[in-house]
Structures are given as structure tokens and as C-alpha cells.
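Okay, here's what each chain looks like letter by letter:
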Amino acid sequence: MLRLGFVGTGTLVSAVIDGLQATHGDRCRILLSPRSQETSQALAARYANVERAESSAAVVEGSDVVFLGMRPNQLDEATAGLPFRPDQTVVSFLAGVSHARVSEKVQPAGHVVRVNPLPPIRLRKGPVVIYPANPIVEDLFGGLGDLIVAGKESDLAAIANGSAMMSSHYALQNAIIDWLVSREMAPDTATHYVRSMFSGLAAVGLDAFAKGEPVDPAHHETKGGLNERGRRYLGDIGWFDEIGRALDVIEGHVLTARPKS
Ligand SMILES: NC(=O)C1=CN([C@@H]2O[C@H](COP(=O)(O)OP(=O)(O)OC[C@H]3O[C@@H](n4cnc5c(N)ncnc54)[C@H](OP(=O)(O)O)[C@@H]3O)[C@@H](O)[C@H]2O)C=CC1
Ligand SMILES: O=C(O)[C@@H]1CCC=N1
């Protein structure tokens, strides 16, 4: 029975544990650090193989694989004095924190792997990027979405910045929903319609990728029709160029800084 331990039990870790239960629930025992009391208690109540430990040190002592799920600027405080061992594998979810920096904090752990899962992992969907390759970690995350083993660490950094468009994606959906509601559509109908439309478009995009085909926006609109009109307007005002500029801003954001009070 593999012993998994999580230090930090926030949004992402909850989603990872929900996903893992479906694929590894009968093959692992899970220890949670006690912070985020409500979340860790709820996970322990939901799953028979999940237990809330008394401390982060107890998590590390009792685990073969330790997952770090705190925010980047919480790493130093959260790992200080924890009893890592050479036989352990440490998995870091921390966006923007290098392999070298995590390795230094979890000495003398034998293997350190950076993983970038995303919240849809709860439903076993979406990408999971791993660096470097590691058979234990690949086994744990295989079956939880599209596994991508990065060949170089800089890919992981770039991918974390790319995935910082997730919340804007929902903001875009909500803006469309609000507009439909402003045209007297029932909110439930508008929400169902928009969420389903984006889900279908995502499936078409992945299908095209699997077939090695590009997705050309011009092939997804009626000539002279509504989509073409909307895309031309957004192009004319520079909206698509702004996406690249937003990614530049995201790339420049310092994750490890203390939050401004
Ligand atoms: N959310 C996402 O979609 C993604 C997140 N990530 C990365 O995952 C990490 C977690 O993100 P997210 O789940 O959103 O953040 P959350 O703020 O939801 O979770 C952080 C967790 O760390 C705990 N924590 C803070 N300080 C300590 C400490 N000293 N000792 C033990 N636990 C501590 C918090 O407890 P408490 O609540 O008590 O403060 C909380 O449970 C980040 O590093 C982020 O970069 C990566 C990819 C996607
Ligand atoms: O918003 C964030 O900082 C995290 C890292 C990548 C995706 N979500």
C-alpha cells in the first residue's frame, strides 16, 4: 500500500485527491496536513483511506511520496524543519518555483518532481505536466487526464503561465451568459448553453489534435456570418494581441513575493 502525504490541503490538492480516489483509491493511504481545517476534515470524512494528521511533520514521517500543495510564498515556512528522508519522492505543485529551490527545501529527499495538475483533474480531465520523468509519479497521474512529461524544466514554467488563463476563460463565459440574460434569456438556459458550447468546442479541438489537424478559426464560422463579424471586431480592436501581452504580464509576476497587505 503506497503511503501518500499532502502538506497543504487547498483547492488544487482537493481536486487531485478526488481524482486519485478513482484510479488509486484501493492502492494508497493518504495523510493530510491539518491546515485548511474545513477542507482536510471534509476529505477525511469523504474517503475511508484519507486521514488528517496532527502536523505536517507527521505527514512527512508517515509517507513514501510527499506532495507540496502550499502557495509559492508559503514554501519556506511550510517546509521548515520537516523530517524528509532519502527514500522519499517529493512532488511539488508550486507554480514558478524551480526544481533546484524545492530540492534544497526538502533535503535529503531522494527524488523531487514538479507536477502541474489543474482543477479539472477532479473529473480526470485536462493536462498534467510532469518534470522530470519519474515512474512512480507517472503511475499516480496516468489516468487522471492528458499526461505530458516535459523534456525540459522551462516548459513547465511556460505552461504554468499559459494555464493562468483559466480564470479568464470563465470570465469570458460569464460575460456571454450575462449578455444573454440581458436579452431576457433565463439564467439557467443561458448558463447551460454557454458551458455546453465551450465544452463541445474543447472536444473538437482535442479531436483535431489527436488527428494531427490544425484548428483554423476561419473554418469554424459561416462566411459572412455572425462568428466572422465578431472575430473581425475583436481583431480590429487588438483583442487577440492583448492575450500575448497579458501572458507577458503573467510571466513577469513574482509568485514568491510576500502578498501586499
Ligand atoms: N489552483 C490551481 O489551479 C493551481 C495551483 N497550482 C499551485 O498549487 C499550489 C496551491 O494552490 P491552491 O490550491 O490554489 O492554493 P490554496 O491557497 O487553496 O492552498 C494552499 C494550502 O497550503 C496551506 N498552507 C499554507 N501555509 C502552510 C503551512 N505553513 N503549512 C502547511 N500548510 C500550509 C493552506 O492552508 P490554510 O488554508 O490554512 O492557509 C492551504 O491548505 C500553489 O503553489 C499553486 O501555484 C498549480 C497549478 C494549478
Ligand atoms: O493561478 C495560479 O497561480 C495557479 C498556477 C497555474 C494555474 N493556477
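None of these values were measured; they are calculated from a predicted model.

Enquirer: Which residues make up the overall build of the protein chain, and what are the values?
Expert: Within the protein chain one finds eleven helices and eight strands. Expressed as lengths along the three principal axes of its C-alpha atoms, the size of the protein chain is roughly 65 × 45 × 35 Å. Across the protein chain, the fraction of contacts at a sequence separation of at least 24, relative to all contacts at a separation of at least 6, is 53%.

Enquirer: Describe the nonpolar core, naming the residues involved and giving the relevant values.
Expert: If you look at soluble globular proteins, the nonpolar side chains tend to sit buried side by side. By size, the foremost hydrophobic cluster in this structure holds 44 residues, and its most contacted members are Phe-67, Leu-68, Val-90, Val-91, Val-115 and Ile-130. Residue contributions to this core peak at five residues, all from helix 1 (residues 11-24). Other than its neighbours up to four places away in sequence, Val-91 contacts Val-65, Phe-67, Leu-68, Val-113, Val-115 and Val-137.

Enquirer: So, the domain arrangement of the protein chain: which residues are in play, and what are the values?
Expert: According to the domain assignment, the protein chain consists of domain 1 (2-151) and domain 2 (165-252). Averaged C-alpha coordinates put domain 1 and domain 2 at centres separated by 33 Å.

Enquirer: Outline the UniProt feature "domain: Pyrroline-5-carboxylate reductase catalytic N-terminal" (unreviewed entry) in the protein chain, listing residues and values.
Expert: Residues annotated by UniProt as "domain: Pyrroline-5-carboxylate reductase catalytic N-terminal" (unreviewed entry) correspond here to residues 3-96. Across residues 3-96, the secondary structure splits into 37% helix and 22% strand, with the terminal C-alpha atoms separated by 27 Å.

Enquirer: Give me the packing of helix 8 (residues 166-182) against helix 9 (residues 187-210): which residues, what numbers.
Expert: At a minimum axis distance of 9 Å, the contact between helix 8 and helix 9 shows a crossing angle of 145°. Read as a crossing pair, helix 8 and helix 9 show a hand that is right-handed. Taking contact as the criterion, the partners of Gln-173, Ile-176, Ile-177, Leu-180 and Val-181 in helix 8 are, on helix 9, Pro-187, Ala-190, Thr-191, Val-194, Arg-195 and Phe-198. Broken down by class, the residue content of the contact of helix 8 with helix 9 amounts to eight nonpolar, two polar and one charged.

Enquirer: Break down the sheet that holds strand 4 (residues 65-68) for me, citing the residues and quoting the values.
Expert: Strand order in the open sheet formed by eight strands is 3-2-1-4-5-6-7-8, with mixed pairing between adjacent strands. Among the strands making up the open sheet, the edge pair consists of strand 3 (50-52) and strand 8 (146-149). In this sheet, neighbouring strand axes are inclined to one another by 25° on average, regardless of whether the strands run parallel or antiparallel. Pairing between strand 7 (residues 127-131) and strand 8: four bridges, direction parallel.

Rules behind the numbers
- Chains are numbered independently. Their residues run from 1 in the order of the written sequence.
- To label them, take the chains in the order written and letter them from A, then take the ligands in the order written and number them from 1.
- Reporting of local features is limited, given that this is a predicted model, to residues whose pLDDT is at least 70; pairs of side-chain atoms are given and counted only at 80 or more, and all residues count toward the totals for whole chains, interfaces and linings.
- A run of DSSP states H or I qualifies as a helix once it reaches four residues; a run of E qualifies as a strand once it reaches two. Both are numbered from the N-terminal end.
- Any two residues are considered in contact once their C-beta atoms, placed from the backbone, lie within 7 Å.
- By our criterion, buried Ala, Val, Leu, Ile, Met, Phe, Trp, Tyr and Cys residues that link up through C-beta atoms within 7 Å make up a nonpolar core.
- Counting other C-beta atoms within 10 Å of a residue's own tells you its class, since 20 or more makes it buried, 12 or fewer makes it exposed, and anything in between is partly exposed; those C-beta atoms are placed from the backbone.
- Each domain's limits were defined by an automated method or a database of domain assignments.
- UniProt positions are given in the numbering used here, feature names are shortened, and annotations may be inferred rather than shown by experiment.
- Axis lines are fitted through C-alpha atoms, for helices just across the contact stretch, and the angle between N-to-C directions can take any value from 0 to 180 degrees.
- Each crossing is labelled by how the near helix is turned from the far one, with a counterclockwise turn of less than a right angle marking it left-handed and a clockwise turn marking it right-handed.
- Here the nonpolar group is Ala, Val, Leu, Ile, Met, Phe, Trp, Tyr, Cys and Pro; Asp, Glu, Lys and Arg are the charged ones; every other residue, Gly included, is treated as polar.
- Strand pairing is assigned whenever DSSP detects at least two bridges linking the two strands.

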